[in-house]
Structures are given as structure tokens and as C-alpha cells.
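# Residue-level structural notes
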Amino acid sequence: MENTASDPLKLNFTDPAKYWTDAIPIGNGRLGAMIWGGVSRETLQLNDDTLWTGVPGDYTDPNAPAALSEVRKLVANGQFADASAEALKLSGKGSEVYQALGDIVLEFDASHKNYDPKTYHRELDLDTATATVKYSVGDVGYTRQHFASNPHQAIVTTVSGSKPGSLSFTIYLDSKMNHSSYVEGQNRIVLKGSCRGNPKGIQFTAMLELQIGGKAVISVLDGGKLKVDGADSALLVLVASSSFDGPFTSPVDSNKDPTSDCLNSLTSRKSLGYDDLRARHVEDYQSLFHRVSLQLSNGSTSASGVSTADRVKSFQTDEDPSLVELLFQYGRYLLISCSRPGTQVANLQGIWSKDLSPPWDGAQHLNINLQMNYWPALSCNLKECQDPLFDYLSTMSINGSRTAKVNYGAKGWVAHQISDLWGKTSPDSGDAVWAMWPMGGAWLCTHLWEHYSYTMDKEFLKNKAYPLLEGCANFLLDWLIKESGGTLGTNPSTSPEHMFIAPDGRKASVLGRKDDELIRKVLDALPRLRPTIIAKEGTIMEWALDFQDPEPQHRHLSHLFGLFPGHSITLEDAPDLCIAAENTLKKRGIEGPGWSTVWKAALWAHLHKHKEAYQMVKHLFVLVDPAHESNYEGGLYSNLFTTHPPFQIDANFGFSAAIAEMLVQSTPKDMYFLPSLPRDKWPNGCFKGLKARGGVTVNLCWKRGDLYEVGLCSTEGNSELRLHYRGRTVSTSLLSGHVYTFDNSLTCIQTNPLP
């Protein structure tokens, strides 16, 4: 297998951040920072994934059963708009809100205002998860490096000057939340605060420890600032903790002491210098990141000296494949940085937010966004990063069992469209078109089965997945009602966030029947479910009846779930539905927010339509001006964050998953190589380490648009597979612990045991 090295995986910037979406994100799963890279004033904007408003909630409504009964009657009578209005009584309260921790601020001496802009460089190295800022003032070069260490649970920064004694600055901690800060001794700043809105809410502490290199004078200013004069270098270590002690414990009853936690964390790494901290960080990070490599170019494209923003600007003309590689790997970097075992689940912005009132509360949205956050976890070989999602499902299953029982008189557990740190499972506030959607838990449960499908981990299936699947299926079976024709349907149900026009001309969203993707416990119910139906215009029918669509190019594509990420619409088994799905995608068009764009790329990939899939990939590469972001729909900021607008991280993850789906697709018994490769755009390339179902790792190269060589390895048991490439199908057996190499005719040419 050929080397897949390409251009350095770096985001490059030629000036300091002007807007938040120009800053560089780093994270260790729990703590995040945005590096602005200012010269006279550097800001590291901080986040802790446990800082939310609120306390554990009651997600039940004893008045819901009566309202539900009335809604179902109205639906049965065809009074859909009235049912939508009545369904407002089923709405609950809004979610709690994700909060920004605060800032590390470094203010440098006046000489830095005279820096040479030509010497300025800021970058994020995806290979080492390290952000670097460099510039010169006169004959002195200044360097800052930042990383977020998972092993040491800290944000680490080093600042240095090229001449002894050339470094002078003032440093302090600040926050938009209620807080106090003070200096301890001569090298530590402490910030204590509380999340807003509830005096019984979450409390937090952040501590910054300073180590100075060289003979410097350190003094305390204003009680909460440290002033450093004449240092050679400085090492800054930031740790943080909160009183959040799980979703079922009120913060006032928490046994956690954030201040003690911070002190213990600093003490545990006190003897470690910068080199030790960084070496352990890089080792930990690369154990995940280095699992997958991707080359779509010849490796000859040079991005040296060119800002990433300029590369995005020129993509519509040059279509640089190495920029696709970069964005693919950036999605993997972000997932590693915001979701690790033991952390909270990635929210609408991952872990990065500058606001106390972020867009859509920064909450977990369960009708595509949270799911898309974890699409690359399996195919892109980051299965551990999905652990927080399964912990989150366990939380929601407990809260959701109460919601199901009280609100709907149902067994099992339910979750709706929006949740939060506390595992909210009740309907959101507002219109039924988004709030009354009790399928959030069902959709998320498909991730449990997919995890088993990719890993073949039977202990996970038995101990973690099955109890959650069982509870979800129990709710779904109780939620289903028998329709007049003998089929089973859901009532009420909606297509997420999308209204229809009822026969009387009024807009509505609640129906008596909806083709949801449901996990069935009782197989007897399966043949009675309403099948996917083709509408009279040749598209997949979105609602139970063939209603008029007031917004044909709506962003949501939930009625195509069966094509991707589901498996019920396939080219082999349902060619007529695939044609209808193609017509649906054409009707929806190419416009939409970032997450819709990358979903369309994956959907076209599963129709094996490489031109259309690539069109959606290309469509994402539009540079968004944050000063006028409302003029855009989708696109990328200069730091490659994806946008709705505003910033939502889901499309960053969805992009990585879509690229993987263009290159290899699988079922437990079938594997499709290069099913949607845009051969004219990426004629030569390689990837290593992508995962397929059945516990198989795939390495593959192609030349001049044709498969050259593919390597398959299973470490999770023996596999019987059908391999597919451009109409050719070959059956093969894989023994666990062996590497099999196939040529472009799918003939096995070499077998070796794993080293």
C-alpha cells in the first residue's frame, strides 16, 4: 500500500483573529479554548462542558394525556391545522443553556504594538493538536504555543522571546458570569463563579498557574492580576472544575469541591515541564488521530504562506483536493477535541461557545444535529469518542421513562427534539412542528446498533445497548396506534421542523400517521407498519398523506433517513425507492445550511451519484464573512467551522462522514469500494484506516480513477463478505488477525498475519 502523506495538515492564518470564528479551537474533550492570537493582547476564550444553567428537572406533564387524546381525535377527523394548534398544549419548557467559562487574557508591553505584520503567522497543526502564534518586534521573535491536554486535563500555553529577558506581560482571568478572582502567592490566579439564572445552580473554579523561565520580576496588580517583567519564557497551565456531579444530583447537594479539584489537578502535574506535558498530550492525541490518513491529491499542491481563508475563497475555481483532505481531518480533530470517554456529549457547538446565550441555547438537538455530531465516530475510526453519547442515552432513558409514563401512559422511554446537560426528555416549548417529535430517542438508538455493527462488541450489545434498545422499543410499541386500514402508525407525528398544507389550505404539522424509522421489539408489528410510499410527483412521500409542500427546498431530509444513515432504501433491494429518493433530492435543491449540505452529499453518495455528491462537497466551500453571515446559507468561516449560519459544528462532523461514505460503504455482509468517487476531480488517491461494518479496517489506493489495491483486516472475528466494485462482486472470507490484499479485479493477491 502506497504512502498517503500529503501536504501538512495545518490551518494557516496571516493575522490575528478579528471575529470569534477566526480564532483557533483546541480542546481535550472537557475543556476548550479559542485562541485569538492577538499581538498586544492575547485572549484564550474558555469553555467547560459542564457549565450550564439550571438544575435537574421534572420532565413530566400530568395534563398531557388529555391534550394527547384531543389531538388524536382531531387528526382522526382530518382537522390537521386544529390538531397542530391543540398540540401546543403538549409543549413543555425550553432547554437549559450552555455557558462560556471565561477568558485568559495576556496584555503585552507597549513595544508589541510595533510588531512587523509580515512576520505574523498563526496556525493549527492537526497532526499534533497544537496552535502556534509567531511574530517579531524589531529583532526579537516571539512564539506562543497552546494545546489542550487530555491526560493532564489542562489547557497549556508557553510564551517565549528569542532574546533573554525580552518577555514582559500582565495576565489575568475574566468571565461574563458572576465571579471573583484573586492571586494566590506569586504564581497562581484563581477565578470562582456560578452559572447564571439559579442561585442553586452550578458553581465553578478555574486556576491558572504560572512558571517563569529566566530572571524575571513578578508582581501582583489589582489583587487579581500578575505582572511579569523581563522573563525569557513563561509556562501557563489552566485547570477548571465545576460542582456538576451528574444529571440527577442538584449542584447544592454535590459532593464535588471545584476548588479542591483544581488544586489536586495542579499538584498532580507540578513536577512536569512543558516538554513532558506536550509529549504526553501528543502521544495521547495521535493514538486516535493517526488511525486514518487520506490523500486525494498528488501531494504537489503547496499551501505554504497561503491562509486557509484564501484557500477556501479560491476553491470554487481551483477545487484543491488537499483542502478537502484538510476539512475531512479537521472534523476528526474536532471530535477528538470535544468528545472523549467521561466527558459530556458534544453539543450544538461541540464545546466551543463565547456566549451566555448561544444560538439555540447551544443545546443538543435530537432531530439530526446531535446524531450528525457522531456520524464520523465509527467510519472514521474514533469509536471511543462516541462513549459520551451512550452515557447520555442512559441518562435520557431514566428521565424519558418518567416522561413516557406520565405524559403518554406508555412503557419504555422517550426523548423529543431538544435536550441539555440534565438530559431533558420532555417536548420543547413552542410550535408542534418542532416540539412535538417524540422520535429523538429512537433515532439516537440506531447509533447503539451501528456501534455493534462496526465493532462486533457483544459485551457492549448485551450490557449497554440492549437495555436501551428494549426501553425505546417498548415506548414505540405503545405509541403506535392501529389505523383504519389495519396498519400501525404514529399519532401525532411531524416531519422535523417542516409544515405541510392541509386539504383546507391551512398549514399544519401533526398527522395521525408518519413513516418513522422505528426499532421494533415485537417482530409481529413490522409487517403492519406503513411502508415508504412514492408520492404522485415521484418523490418519497414525506407525510402520511400526499400533502402540498409549502417549502419544497426545506433544509430537513428526514424522509430520506432510510437511504442514509438508515439502510431500508438501497440500490439492490429498492431501486424504485432510490429513484424516488433521487427525485426528492433534486426537488430539495442544493441550497441549505451546512448540515443539510453534507447530509445531501452522503445521500447522493448512497445513490452512487458521484457528480451530485461532489457538487454538495464543493458547495460547502464558500467563505462566510462573519460581519454579514445572515447573507449566507451554509459555508465555512476562516477557521473552517461550518455554519448554519451562525456556527454549528454538526456539518464539520457530517463532512468527514460524507467523504468516508463516498470512498467506502458497507453492510455487515457487503463492502462497496469507491462507490461515489469523483474520478475526474480525484483521479489518484489513497486512504488508510477507514472502518467498515463487521469490524473491518480498510486501506485502499486508486490510480487514474480506477481501483489499484485494497487491504482488508479484521480483528473482531472471522468475516464472510461480498466485495463490490463497479458492478463486479466477489465473495471472500477474512480470518481475524490477518491482512488481505486485493487487486483491482478483487482477486486476493496476498495474505499476511498481523505483526
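Residues numbered from 1 in each chain as written. Predicted model: local features only at pLDDT ≥ 70, side-chain atom pairs only at ≥ 80, totals over all residues. Heavy atoms only, no water.

### Structural notes on the overall build of the chain
Condition: Put simply, DSSP H or I for four residues or longer makes a helix, DSSP E for two residues or longer makes a strand, and each gets a number counted from the N terminus. Only the C-alpha atoms count toward the radius of gyration. The rule for a globule is 2.2 Å times the residue count to the power 0.38. Burial classes follow relative accessibility: with a 1.4 Å probe on protein chains only, a residue under 20% of its type's maximum area counts as buried, one over 50% as exposed, and anything between as partly exposed. Only heavy atoms matter for contacts: two residues are in contact if any of them lie within 4.5 Å across the pair. Residue exposure ignores everything except the shown protein chains as possible cover, and the areas themselves are Shrake-Rupley values with a 1.4 Å probe. In this charge count, Lys and Arg are treated as positive and Asp and Glu as negative; neither His nor the chain ends contribute. To locate a charge, the coordinates of NZ of Lys, CZ of Arg, CG of Asp or CD of Glu are taken.
When its secondary structure is counted, the chain shows 16 helices and 32 strands. By the compact-globule yardstick of 27 Å for 755 residues, the chain fits well, its C-alpha radius of gyration being 27 Å. With respect to the three principal axes, the spread of C-alpha positions in the chain is 85 × 65 × 50 Å. Every one of the 755 residues in the chain was classed for burial, and the buried ones make up 60%. Taking the intrachain contacts of the chain between residues at least 6 apart in sequence as the baseline, contacts between residues at least 24 apart amount to 66%. Of the roughly 27,300 Å² that the chain leaves accessible, carbon and sulfur atoms contribute 49%. A gap of 1 Å separates the mean positions of the 70 positive and 83 negative side-chain charges of the chain.

### Quick notes on the pairing of strand β14 (residues 217-221)
Regular strands place their side chains on alternate faces of the sheet. So the rule is basically this: Only strands that DSSP links by at least two bridges are regarded as paired with each other.
Here β14 pairs with strand β15 (residues 225-231) via five bridges, running antiparallel. Considered in β15, the bridge of S219 is made with K227. Connecting β14 to the antiparallel partner β15 that follows it, the hairpin turn spans three residues, and D222 within it adopts a positive phi of roughly 55°.

### A look at the state of the cysteines
Heads up, the rule is: Pairs of cysteine sulfur atoms within 2.5 Å are what we label disulfides.
Under the defined criterion, the tally for this structure stands at one disulfide. Note that C686 is cross-linked by a disulfide to C701, the S-S spacing being 2.0 Å. Here the S-S torsion is close to 110°, and the disulfide linking C686 with C701 is therefore right-handed. Here C686, found in strand β26 (residues 685-692), pairs with C701, found in strand β27 (residues 696-703); they are 15 residues apart in sequence, far enough to count as distant. Exposure class is identical for C686 and C701. Each is buried. Of all cysteine sulfurs, the one in C748 lies closest to C713, which takes part in no disulfide; the gap is 12 Å.

### Thoughts on the confidence of the model for the chain
Low pLDDT marks regions whose predicted coordinates should not be analysed in detail. Applicable threshold: One confidence number per residue, pLDDT, is output by the predictor and ranges from 0 to 100.
Of all residues in the chain, 92% have pLDDT values of 70 or greater, and the mean over the chain is 91. Counting interchain partners and residues more than four positions distant, the pLDDT-below-50 stretch residues 497-509 has 53 contacts. Across residues 511-522 the pLDDT falls below 50, and counting only partners more than four positions away or on other chains, this stretch makes 59 contacts in the model.

### A look at the sheet that holds strand β2 (residues 24-27)
Short version of the rule: Fitting a line to C-alpha atoms yields each axis, with helices limited to the stretch in contact; the angle taken between N-to-C directions then spans 0 to 180 degrees.
On the basis of which strands lie adjacent, the open sheet formed by seven strands has the order β2-β3-β4-β5-β10-β15-β14 and antiparallel pairing. Across the chains shown, the open sheet's two edge strands, defined by having one partner strand only, are β2 and β14. Sheet twist, expressed as the average angle between the axes of neighbouring strands with direction ignored, equals 20°. Bridge count between strand β3 (residues 31-35) and strand β4 (residues 41-48): five bridges; the pairing is antiparallel. By the bridge assignment, I35 is partnered in β4 with L44.

### What about unusual backbone geometry?
Of the consecutive residues H644 and P645, the connecting peptide bond is found in the cis state with omega at 0°. A cis amide bond, omega 0°, links P645 with the succeeding residue P646. Positionally, P646 belongs in the loop between α15 (610-620) and α16 (650-663). Of note in the backbone geometry, D222 takes a positive phi value of approximately 55° without being a glycine. For D222, the location among the structural elements is in the loop between β14 and β15.

### Concerning the UniProt feature "domain: Alpha fucosidase A-like C-terminal" (unreviewed entry) in the chain
The condition is simple: UniProt positions are given in the numbering used here, feature names are shortened, and annotations may be inferred rather than shown by experiment.
Taking the UniProt record as the reference, the feature "domain: Alpha fucosidase A-like C-terminal" (unreviewed entry) is found at residues 665-727. A distance of 14 Å separates the end C-alpha atoms of residues 665-727, which is 0% helix and 60% strand.

### Notes on the side chain of S666
Position of S666 relative to the elements: it lies in strand β24 (residues 664-666). Leaving out residues up to four positions away in the same chain, S666 has contacts with Y454, M671, A692 and R693.

### Description of the pattern of salt bridges
It is possible for side chains bearing opposite charge to pair when their charged atoms get close. Heads up, the rule is: Criterion for a salt bridge: a side-chain nitrogen of Lys or Arg within 4 Å of a carboxyl oxygen of Asp or Glu.
Counted by the stated rule, this structure contains 26 salt bridges. Where K681 meets E319, a salt bridge forms, and the shortest distance between an N and an O atom there is 3.2 Å. Taken together, the residues span a long stretch of sequence, with K681 in the loop between β25 (670-673) and β26 and E319 in the loop between α5 (308-318) and α6 (321-338) at a distance of 362 residues. Here the salt bridges share partners, and the residues they tie into one network are E184, R188, E209, R269 and K270.

### As for the sheet that holds strand β13 (residues 203-213)
Strand order in this open sheet of nine strands is β1-β6-β7-β8-β9-β16-β13-β12-β11, and the pairing throughout is antiparallel. Here the strands that pair on one side only, and so sit at the sheet edges, are β1 (10-13) and β11 (178-184). Going across the sheet, the axis of each strand differs from the next one's by a mean of 15°, ignoring polarity. By the bridge criterion, four bridges tie β1 to strand β6 (residues 116-125) in an arrangement that is antiparallel. Opposite L11, over in β6, you have L124 as the bridge partner.

### Thoughts on helix α4 (residues 274-289)
Condition: One less than the residue count of a helix, multiplied by 1.5 Å, gives the span that helix is expected to have.
Over its 16 residues, α4 runs 22 Å from end to end, which matches the ideal 22 Å to within 8%, given 1.5 Å per residue. Turning to α4, its buried residues number three or more, namely Y274, L277, H281, V282, D284, Y285, Q286, L288 and F289. Buried residues belonging to α4 abut β7 (130-137), β8 (140-149), β9 (154-161), β16 (233-242) and α6.

### Thoughts on the packing of aromatic side chains
How we decide: The pairing test for Phe, Tyr and Trp rings, Trp by its six-membered ring, is centres within 6.5 Å, and the orientation test on the planes gives stacked under 30 degrees, edge-to-face over 60, and tilted for anything in between. Two conditions define a charge sitting above a ring: the NZ of Lys or the CZ of Arg must be within 6 Å of the ring centre, and it must be within 35 degrees of the ring normal.
Inspection of the entire model under this criterion finds 28 aromatic pairs. Where Y285 meets Y333, the ring centres are 6.1 Å apart and the plane angle is 75°; that geometry is what we call edge-to-face. Residue Y285 is found in helix α4, and its partner Y333 is found in helix α6; the two are separated by 48 residues along the sequence. Just as Y285 is buried, Y333 falls in that class too. Relative to Y452, the ring of W449 lies with its centre 5.1 Å away and its plane at 50°, an arrangement referred to as tilted. With W449 and Y452 both in helix α11 (residues 440-455) and three residues apart, the pair spans about one turn of that helix. In this structure an aromatic cluster arises from ring pairing among W375, W437, W443, F561, F564 and W599. Residue placement shows R72 over the ring face of W479; its charged tip is 4.9 Å from the ring centre. We note R122 situated over the ring of F13; from NZ or CZ to the ring centre the distance is 4.1 Å.

### Considerations on the environment of P565
Within the secondary structure layout, P565 lies in the loop between β23 (507-508) and α13 (575-588). With 183 residues separating them along the chain, P565 and C748 place their C-alpha atoms 30 Å apart.

### Here we look at the packing of helix α9 (residues 387-408) against helix α12 (residues 458-479)
Keep this limit in mind: An angle below 35 degrees is read as roughly parallel, one above 145 as roughly antiparallel, one from 65 to 115 as roughly perpendicular, and any other as oblique. A crossing counts as left-handed when the near helix is turned anticlockwise from the far one by less than a right angle, and as right-handed when that turn is clockwise. Any residue that is not Ala, Val, Leu, Ile, Met, Phe, Trp, Tyr, Cys, Pro, Asp, Glu, Lys or Arg is counted as polar, Gly included; the first ten are nonpolar and the last four charged.
As a packed pair, α9 and α12 sit with axes 11 Å apart at the nearest point and diverge in direction by 25°. Put simply, α9 runs roughly parallel to α12. For the pair α9 and α12, the sense of crossing is left-handed. Contacts between α9 and α12 pair F390, D391, L393, S394, S397, A404 and Y408 from the former with F460, K464, L468, F475 and W479 from the latter. Class assignment for the residues of the contact of α9 with α12 results in eight nonpolar, two polar and two charged.

### Some details on helix α3 (residues 258-268)
Going by this rule: What the arc measures is the spread of directions leading from the helix axis to the C-beta atoms. We call two N or O atoms a polar contact when they sit within 3.5 Å, provided that within protein one can donate a hydrogen and the other can accept it, with sequence-adjacent residues counted only if both atoms are side-chain atoms.
By the burial criterion, the buried members of α3 are P258, T259, C262, S265 and L266. Along α3, the residues classed as buried sweep out an arc of 125° about the axis, all on the same side. Away from its buried face, by an angle of more than 90 degrees, α3 presents the exposed residues N264, T267 and S268. Lining the buried residues of α3 we find β12 (188-194), β13 and β16. Where α3 begins, the side chain of D257 points an oxygen toward the backbone nitrogen of T259, at a separation of 3.1 Å.

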